[in-house]
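If you want the building blocks of each chain, they are given just below.
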Amino acid sequence: ASKQNGLSSNYIAHFIKSPDGTFWVSAWEGGLFKVTGDLAKPVALHFDAVPGIDGVSEKIVYGDHAIWLIEMDQLYRVDEQTLLKELIPSFTETARNQMIYSLYYSKAGDVWAGTLNGLIQYNTKSQTSKFHKIITGTDVIISSIIEDSEGNIWSTTNTSTQKLTPSGEMII
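Thresholds, definitions, all that
Residues numbered from 1 in each chain as written. Predicted model: local features only at pLDDT ≥ 70, side-chain atom pairs only at ≥ 80, totals over all residues. Heavy atoms only, no water. Pairing = 2+ DSSP bridges. Helix = DSSP H or I, 4+ residues; strand = E, 2+ residues; numbered from the N terminus. Axes fitted to C-alpha atoms, helices over the stretch in contact; angles between N-to-C directions. Buried < 20%, exposed > 50% of the residue type's maximum accessible area, 1.4 Å probe, protein only. Contact = heavy atoms within 4.5 Å. Polar contact = N/O pair within 3.5 Å; in protein donor to acceptor, adjacent residues only side chain to side chain. Core = buried A, V, L, I, M, F, W, Y, C linked by side-chain atoms within 4.5 Å.

Colleague: Can you help me understand the sheet that holds strand β11 (residues 118-123) in this one?
Modeller: Pairing between the strands of a sheet is mediated by backbone hydrogen bonds and can be parallel or antiparallel. Taking strand neighbours across the sheet as the criterion, the four strands line up as β9-β10-β11-β12 in an open arrangement whose pairing is antiparallel. Each of the sheet's edge strands pairs with one partner strand only, and the pair in question is β9 (102-105) and β12 (128-133). Pairs of neighbouring strands in the sheet enclose a mean axial angle of 20°, with direction left out of account. Pairing geometry for strand β10 (residues 110-115) and β11, over six bridges, is antiparallel. Bridged to A113 within β11 is I120.

The structure is reproduced here in structure tokens:
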């Protein structure tokens, strides 16, 4: 994978696979790309840029027939068929001027973003966003997010692990 195959840079930030088997790649220096070509032959791969996504978009997840991506402090939903992108305003208001370190799409259909000292939850049904503050006594970076079988959202930081229950209780 390189600029010769259609990437905007030689550095892949993240990749995901949609249910239909399509691979998607984000590049550290900007852009979201659909991987085309013969997957059995990496040298034959090509990366087709999704139009209108030029900024740093290294955090991507798949959910609800879409690719969700972060560009700076903004969340976008990219339709996997039409490749049209939609800005999510309520997320942008909640995330204003925050660095996003991780991204996760939950079984409940929420997009979760890890920040400095908290989690942002975007509810796709109500189209609202909420910040869940994590207080540990020192600044923490939410570097990873995952969900267990009971719907609890777990996050890890540079110093601790947290669990956010479906009722909204943060357990550190």
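Colleague: Teacher, can you tell me more about the environment of T165 here?
Modeller: Tracing the sequence through the fold places T165 in the loop between β15 (161-164) and β16 (170-171). The class for T165 is buried, based on a relative accessible area of 14%. Considered as a pair, T165 and G151 are 14 residues apart in the sequence and their alpha carbons are 7.2 Å apart. Ignoring anything within four residues of it in the chain, the contact list for T165 reads N152 and I171. In this structure the side chain of T165 is engaged in a polar contact, spanning 3.0 Å, whose partner is the side chain of S167.

Colleague: Help me understand the pairing of strand β3 (residues 32-36) in this model?
Modeller: In this structure, strand β2 (residues 23-27) lies alongside β3, joined through three bridges in antiparallel fashion. Each bridged residue has a counterpart across the sheet, and for S26 the counterpart in β3 is L32. The hairpin formed by β2 and β3 contains four residues between the paired strands, and G30 there has a positive phi angle of roughly 115°. Here four bridges tie β3 to strand β4 (residues 46-49), and the two strands are oriented antiparallel to one another.

Colleague: It is not clear to me how unusual backbone geometry should be interpreted in this structure. Could you clarify?
Modeller: Most peptide bonds take the trans configuration, and most residues that are not glycine carry a negative phi. A positive phi angle, near 60°, is found at H65, a position not held by glycine. As for its placement among the helices and strands, H65 is situated in the loop between β5 (59-63) and β6 (66-71). Under the relative-accessibility criterion, H65 is labelled exposed at 55%.

Colleague: Which parts of the structure should I look at to understand the nonpolar core?
Modeller: Grouped burial of nonpolar side chains is what soluble globular proteins tend to show. Judged by nonpolar contacts, the single largest core of 15 residues is most densely connected at W68, L75, F91, I100, V111 and Y122. Secondary-structure elements contributing two or more residues to this core are β6, α1 (89-95), β9, β10 and β11. When residues in this core are grouped by element, the largest group, three residues, is from β6. Each residue touching F91, except ones within four places of it in the same chain, is listed here: I70, D73, Q74, L75, I100, A113, I120, Y122 and S129. W24, L32, I53 and Y62 belong to the second largest nonpolar core, which has eleven residues in total.

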